[in-house]
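Descriptive structure summary
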Amino acid sequence: IHKSCHGFLPAPRHLRCQFLSGAEAPRWNDHDTPEEFNFASGVLDYWTQMEKEGKRGPNPALWWVNDQGDEVKWSFREMTDLTRRAANVFTQTGGLRQGDHLALILPRVPEWWLVTVGCIRTGIVFTPGTTLMKAKDILYRLQVSKAKGIITTDTLAPEVDSVASECPALKIKFLVSDHSREGWLDFRSLIKSASSDHTCVKSKTMDPMAIFFTSGTSGLPKMAKHNQGLALRSSFPSCRKLLQLKTSDVFWCLSDPGWILAVLASMFEAWTAGSTVFIHHLPRFDPNVIVQTLSKYPITQCLAAPSVFRMILQQDFTSLRFPTLEHTCAGGEALLPEEQEQWRRQTGVLLYQVYGQSETGITCGILRGMKIKPGSMGKAIPPFDVQIIDDKGNVLPPNTEGNIGIRIKPTKPIGLFMCYQDDPVKTAETECGDFYNTGDRATMDAEGYIWFLGRSDDVINASGYRIGPTEVENALAEHPAVAESAVVSSPDPIRGEVVKAFVVLTPQFLSRDRDQLTKELQEHVKSVTAPYKYPRKVEFVPELSKTVTGKIKRNELRKKEFGQL
Ligand code: BCO
């Protein structure tokens with residue numbers, strides 16, 4: 001089954017873009033598919049114009065803070081100026097062109113927003129990644145994405161340099177730092193000296209914009225490729241109803257900028273509404289810092305993984321009343337009804353749920369003001385038609401367990417990924433009848449509310465991270481103590497799920513102390529791959545149960561963990 005990126009039927013073309021009077025975001029209708037769309041020229045520059053005309057208040061477009069008391073506040077005008085400079089840095093100094101891939105591995109620093117919008121202005125496809133990655137993760141990403149450029153900080157530059165010779169496509173390296181490094185271009189100085197005179201590309205809505213790496217059951221992460229439509233979707237009326245952001249809102253999304261959630265929330269959603277994007281540098285997660293930040297700054301809306309809210313609730317804070325907070329939203333993993341209720345009781349603010357994937361963006365959610373059914377992740381957000389389907393793509397009746405499917409035929413909705421880059425087989429495997437099959441299990445009630453049940457495959461969702469078992473098994477296999485291993489999901493009261501490894505030891509390690517070996521294996525995994533993947537639980541077993549064809553029965557192990565066997 002070979003299916004290219006263009007294998008899905010495009011939606012009918014009818015552009016009905018309307019610019020409403022006054023300082024309101026440019027609007028399209030839910031099912032519009034304009035021929036051309038560019039977030040930088042169509043949305044960001046629109047707000048710059050509104051600022052110039054005095055039709056937007058004084059709030060900054062970007063408000064960044066850190067623990068040392070540093071602060072950056074940029075207006076939309078400054079964002080337009082700086083992102084035009086970034087565009088010139090990439091094309092004129094870096095020699096990158098429309099369609100080239102740029103690996104973007106930055107922590108929460110203001111430059112991340114200059115890079116993403118600079119790429120959009122030029123049509124360069126950005127591939128975000130978390131700064132938790134190690135050299136091997138970076139090598140894999142640079143090789144498979146054939147990235148021509150990379151931008152990162154001096155923490156990761158040595159890791160990049162250690163593998164760069166194995167990445168023939170890599171031509172240019174940008175460093176975001178106050179120090180220089182041989183072989184790297186200094187992004188900060190280049191931005192200062194670059195011209196702000198730049199003409200944005202006239203990108204087609206279907207032109208590629210970003211690639212997100214996403215883990216699957218087998219193999220290494222796949223590349224979910226999105227077109228410019230991912231940003232356009234934030235302009236659709238149904239999407240605007242989700243958070244109902246206004247120009248006066250100060251919106252904080254805590255997700256690491258390596259994930260699609262940050263791209264959607266901390267950029268497209270917030271700036272489409274002309275709101276302020278608030279960012280705390282947050283080099284390490286600390287519930288105290290979150291609570292202090294919500295108390296100190298005039299943040300009105302906050303979006304984070306359920307684990308973040310859970311970890312705050314599990315601390316003993318004297319008060320969780322925040323002066324300006326009006327709306328909170330959780331996404332990335334399952335949220336329990338009792339957590340929603342506890343958050344409401346302690347903060348006085350309702351906690352809404354959203355659901356999505358790297359392939360889909362935000363798929364469904366409880367729209368602001370909509371009735372919350374505790375534990376439900378809400379209803380489909382148009383233009384997505386979400387249904388619960390069986391393995392053949394038949395729509396199942398209400399309250400029946402099945403896969404969450406998004407209708408792609410006859411029309412593939414704006415906002416859904418184009419394909420897995422260079423992997424038509426895996427792309428085709430996600431198609432199920434007229435639907436894209438998310439691989440997530442759920443039920444839908446008669447009112448259209450969706451209730452998440454779990455994965456249909458072996459993918460692990462630990463505190464909002466999607467982790468492929470083979471990535472962890474491969475890392476464990478590099479340790480001499482490991483003869484073989486099976487990695488599965490295991491329930492956890494703090495992180496929802498955690499990674500658990502069943503390990504068969506090599507003969508020479510059989511007599512070793514198990515607690516010490518557990519720690520050693522955990523540290524080993526943290527050192528060879530991004531540490532969020534390390535097995536928080538390890539069990540040593542004499543052997544692993546296998547199928548007749550020799551495949552490890554992960555399913556059986558997982559069911560045992562969840563008490564289903
Ligand atoms: O717990 P340990 O200490 O043993 O190990 C932790 C950390 O110490 C370590 N680590 C973290 N930052 C580090 C670091 N090590 C070195 N350098 C650093 N800078 O890594 C281990 C794992 O970290 P973690 O992130 O799992 O745990 P942590 O730090 O307690 O953070 C908790 C959360 C909840 C903040 C974190 O798990 C998180 O950010 N989760 C959300 C992920 C997310 O945003 N998902 C959204 C994906 S997009 C999507 O779902 C589509 C929606 C449309």
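Notes on the structure follow. (Residues numbered from 1 in each chain as written. Predicted model: local features only at pLDDT ≥ 70, side-chain atom pairs only at ≥ 80, totals over all residues. Heavy atoms only, no water.)

Here's the deal with the overall build of the chain
Condition: Secondary structure elements follow DSSP: runs of H or I of four or more residues count as helices, runs of E of two or more count as strands, with numbering from the N terminus. Per-residue accessibility, obtained with a 1.4 Å probe over protein chains only, is compared with the maximum for each type, and a residue is labelled buried under 20%, exposed over 50%, and partly exposed between these values. Residue contacts follow a heavy-atom distance rule, with two residues in contact if any of their heavy atoms lie within 4.5 Å. Exposure was quantified through the Shrake-Rupley algorithm and a 1.4 Å probe, taking into account, for residues, occlusion by the shown protein chains and nothing else. The convention is simple: Lys and Arg are positive, Asp and Glu are negative, and His and the chain ends are not counted. Note that the charge is assigned to NZ on lysines, CZ on arginines, CG on aspartates and CD on glutamates.
When helices and strands are tallied, the chain shows 16 helices and 27 strands. Relative to its full complement of 565 residues, the chain shows a buried share of 59%. Sequence separation of at least 24 residues holds for 67% of the intrachain contacts in the chain that already meet a minimum separation of 6. Of the roughly 22600 Å² of accessible surface on the chain, a fraction of 50% belongs to carbon and sulfur atoms. Considering the chain, the positive charge centre built from 66 side chains and the negative charge centre built from 64 side chains are found 3 Å apart.

Some thoughts on the environment of G356
Its place among the elements puts G356 in strand β14 (residues 351-357). Once residues within four sequence positions are removed from consideration, G356 is found in contact with G361, I362 and T363.

Regarding the packing of helix α1 (residues 39-52) against helix α9 (residues 260-272)
Just so we agree on the cut-off: Orientation is described by lines fitted to C-alpha atoms, with helices fitted over the stretch in contact, and by angles between N-to-C directions that extend from 0 to 180 degrees. Any angle between 65 and 115 degrees counts as roughly perpendicular, while under 35 counts as roughly parallel, over 145 as roughly antiparallel, and the rest as oblique. Rotating anticlockwise by less than a right angle from the far helix to the near helix defines a left-handed crossing, while the corresponding clockwise rotation defines a right-handed one.
It is the contact of α1 with α9, at a shortest axis distance of 10 Å, that shows an interaxial angle of 55 degrees. Our classification of the angle between α1 and α9 gives oblique. Judged by the twist between their axes, the crossing of α1 over α9 is left-handed. Packed against α1, whose contacting residues are F39, V43, L44 and W47, the element α9 presents M267, F268, W271 and T272 at the interface.

Focus: helix α10 (residues 287-296)
Stated formally: For this analysis, a polar contact is any N or O atom pair within 3.5 Å, provided that within protein one partner can donate a hydrogen and the other can accept it, and provided that sequence-adjacent residues contribute only side-chain to side-chain pairs.
Buried within α10 we find P287, V289, I290, V291, T293 and L294. Buried-residue contacts for α10 involve β10 (250-253), β11 (276-280), β12 (301-304) and α11 (306-313). With a side-chain oxygen lying 2.9 Å from the backbone nitrogen of N288, the N-terminal cap of α10 falls on D286.

Examining the sheet that holds strand β13 (residues 327-331)
Under the convention used in this document: Here the rule is simple: two strands pair whenever DSSP picks up at least two bridges between them.
Within the open sheet, the nine strands sit side by side as β2-β1-β11-β10-β12-β13-β14-β15-β16. Their pairing is mixed. Each edge of the sheet is formed by a strand with only one pairing partner; in this case those strands are β2 (71-74) and β16 (379-380). Two elements, strand β1 (residues 62-65) and β11, share four bridges in a ladder whose sense is parallel. Considered in β11, the bridge of L62 is made with V277. Where α9 meets the sheet, it contacts β1, β10, β11, β12, β13, β14 and β15 (361-365), and its direction lies at approximately 170 degrees from that of β10.

Looking at the nonpolar core
Convention followed: For our purposes a nonpolar core is just a set of buried Ala, Val, Leu, Ile, Met, Phe, Trp, Tyr and Cys residues, chained together by side-chain atoms within 4.5 Å.
Ranked by internal contacts, the top residues of the largest apolar core, which has 78 residues, are F90, F187, F268 and W271. Broken down by element, the residue count for this core peaks at nine residues, all from α9. In this structure, F187 is in contact with A86, V89, F90, E111, V115, I151, F174, L175 and V176, ignoring residues within four places of it in sequence. With 29 residues, the next largest nonpolar core counts I312, F322, A330 and V349 among its residues.

Remarks on the environment of G129
With respect to the helices, strands and loops of the structure, G129 is situated in the loop between β4 (125-128) and α4 (135-145). Relative accessible area serves as the criterion here: at 2%, G129 is assigned to the buried category. The spacing of G129 and L139 is ten residues in sequence and 12 Å in space, taken between C-alpha atoms. Beyond its immediate chain neighbours, meaning those up to four positions away, G129 contacts L104, I105, L106, R141 and G258.

Overview of unusual backbone geometry
Of note, the bond from P382 into P383 is cis; its omega dihedral lies within 30 degrees of zero at 10 degrees. Position of P383 among the secondary structure elements: in the loop between β16 and β17 (386-389). A cis geometry characterises the amide bond from K409 onward to P410, with omega recorded as 5 degrees. Considering the arrangement of structural elements, one finds P410 in the loop between β18 (402-407) and β19 (419-420). One non-glycine residue, K146, adopts positive backbone phi at about 55 degrees. Looking at the secondary structure, you find K146 in the loop between α4 and β5 (149-152). Positive phi values are uncommon outside glycine, yet Q244 reaches one of about 50 degrees. Secondary-structure assignment places Q244 in the loop between α8 (237-243) and β10.

Focus on the site of the ligand
Rules: If even one non-hydrogen atom of a residue comes within 4 Å of a molecule or strand, that residue is called near it. Under the grouping applied here, Gly and all other residues not named as nonpolar or charged are polar, the nonpolar ones being Ala, Val, Leu, Ile, Met, Phe, Trp, Tyr, Cys and Pro and the charged ones Asp, Glu, Lys and Arg.
By nearness alone, 25 residues border the ligand, and S255, S463, G464, Y465 and Y534 come closest of all. With three residues, the single largest contributor to the shell around the ligand is α11. Looking at side-chain class alone, the shell around the ligand contains 13 nonpolar, eight polar and four charged residues.

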